[in-house]
Amino acid sequence: NAGVTQTPKFRILKIGQSMTLQCTQDMNHNYMYWYRQDPGMGLKLIYYSVGAGITDKGEVPNGYNVSRSTTEDFPLRLELAAPSQTSVYFCASSYSSGDPTWNTGELFFGEGSRLTVL
Amino acid sequence: AQKVTQAQTEISVVEKEDVTLDCVYETRDTTYYLFWYKQPPSGELVFLIRRNSFDEQNEISGRYSWNFQKSTSSFNFTITASQVVDSAVYFCALRPRWAGGTSYGKLTFGQGTILTVHP
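Here is a short report on the structure shown in this document. (Residues numbered from 1 in each chain as written. Chains lettered and ligands numbered in written order. Predicted model: local features only at pLDDT ≥ 70, side-chain atom pairs only at ≥ 80, totals over all residues. Heavy atoms only, no water.)

## Remarks on the nonpolar core
All names here are of chain B.
Then, number 1: Membership of the largest hydrophobic core comes to 23 residues, with the highest contact counts inside it found for Trp-36, Phe-75, Phe-77, Tyr-90 and Leu-115.
Then, number 2: A total of 4 residues in this core trace back to one element, the largest contributor, which is strand β10 (residues 88-96).
Then, number 3: Sequence-distant contacts of Tyr-90, that is, excluding residues within four places in its chain, are made with Gln-6, Leu-21, Trp-36, Tyr-37, Lys-38, Leu-48, Tyr-64, Phe-77, Ile-79, Gly-112, Thr-113 and Leu-115. (Core = buried A, V, L, I, M, F, W, Y, C linked by side-chain atoms within 4.5 Å. Buried < 20%, exposed > 50% of the residue type's maximum accessible area, 1.4 Å probe, protein only. Helix = DSSP H or I, 4+ residues; strand = E, 2+ residues; numbered from the N terminus. Contact = heavy atoms within 4.5 Å.)

Put into structure tokens, the structure is as follows:
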């Protein structure tokens, strides 16, 4: 019963380093998302994907990149890490049956990845 | 544009008290979904409820109940006889049902309400 799995759970980076947050889901969901959560704030959408090979920017995409080569995986790449990217990152997925332009399912979230950039 | 406002930043109650968490939203979409998520101290996000915009019936699940009023764009959440285990951050969220165009079915979160239940 894995659901959405994120790795790593914790990571400390130095300014300018790069890293990839991994996200895998085993529910055959077509939609996948990356959110970040800053203290006292709600979640902000970084990138999303409506299916393999299709990705697009959310509200706060600067400094990040994603890819979706398979239905299951949606990694988030941080290039040239900055202190402003210190946050908790959540990967999520949802499913829409039938026409994929009707997004009917609830989001299932991973446990989060806490990233600190020093 | 979508917006979700949870005006209560923090609420503190004593066990067994009833507590209501407010949520007000703005959207131009005619059909949409409203959600409540719970984030306990362990950090994961737990789905509580999804409500369609065309279904205004209130819902009760055990000690939890939700009051959806489209006329006032509100989707409030009440916990009856609160318990210490209810202590968490609660998020209200909104998503258009239509995932085409620029909305892409984006889920917009409120800022969250921190609920602390004291024994």
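## So, the layout of surface pockets
Then, number 1: Looking at the largest pocket, its volume works out to about 620 Å³.
Then, number 2: At the level of secondary structure, the elements contributing two or more residues to the lining of the largest pocket comprise β9 (87-94) and β11 (113-117) of chain A together with β10 and β12 (113-118) of chain B.
Then, number 3: Residues belonging to the lining of the largest pocket are distributed by class as follows: 13 nonpolar, 14 polar and 4 charged. (1 Å grid on protein atoms, 1.4 Å probe; cavity = no way out; pocket = protein on both sides within 12 Å on 5 of 7 lines; lining within 4 Å. Points joined across faces, edges and corners; volume = space filled by probe spheres on them. Nonpolar A, V, L, I, M, F, W, Y, C, P; charged D, E, K, R; others polar.)

## Details of the pairing of strand β8 (residues 64-69) of chain B
Residues and elements named next belong to chain B.
Then, number 1: Burial of the side chains of β8 is restricted to one face: Tyr-64, Trp-66 and Phe-68 are buried, whereas none of Ser-65, Asn-67 and Gln-69 on the reverse face is.
Then, number 2: Pairing of strand β7 (residues 59-61) with β8 involves 3 bridges; the strand directions are antiparallel. Counted as the bridge partner of Glu-59 is Trp-66 from β8.
Then, number 3: With antiparallel pairing between neighbouring strands as the criterion, β7 and β8 make up a hairpin whose turn holds 2 residues, including Gly-62 at a positive phi of roughly 65 degrees.
Then, number 4: Sheet topology note: the β8/strand β9 (residues 74-79) ladder contains 6 bridges and is antiparallel. Looking at the pairing, Tyr-64 lines up with Ile-79 of β9. (Pairing = 2+ DSSP bridges.)

## Thoughts on the sheet that holds strand β8 (residues 76-78) of chain A
All names here are of chain A.
Then, number 1: In spatial order, the strands read β1-β3-β8-β7; together these 4 strands make up an open sheet with antiparallel pairing. The open sheet terminates on both sides in strands that have one partner only, identified here as β1 (4-7) and β7 (64-66). Ignoring which end each strand starts from, the neighbouring axes of this sheet average 20 degrees apart.
Then, number 2: Sheet topology places strand β3 (residues 19-25) next to β8; 3 bridges connect them, and they run antiparallel. The partner of Met-19 across the bridge, within β8, is Leu-78. (Axes fitted to C-alpha atoms, helices over the stretch in contact; angles between N-to-C directions.)

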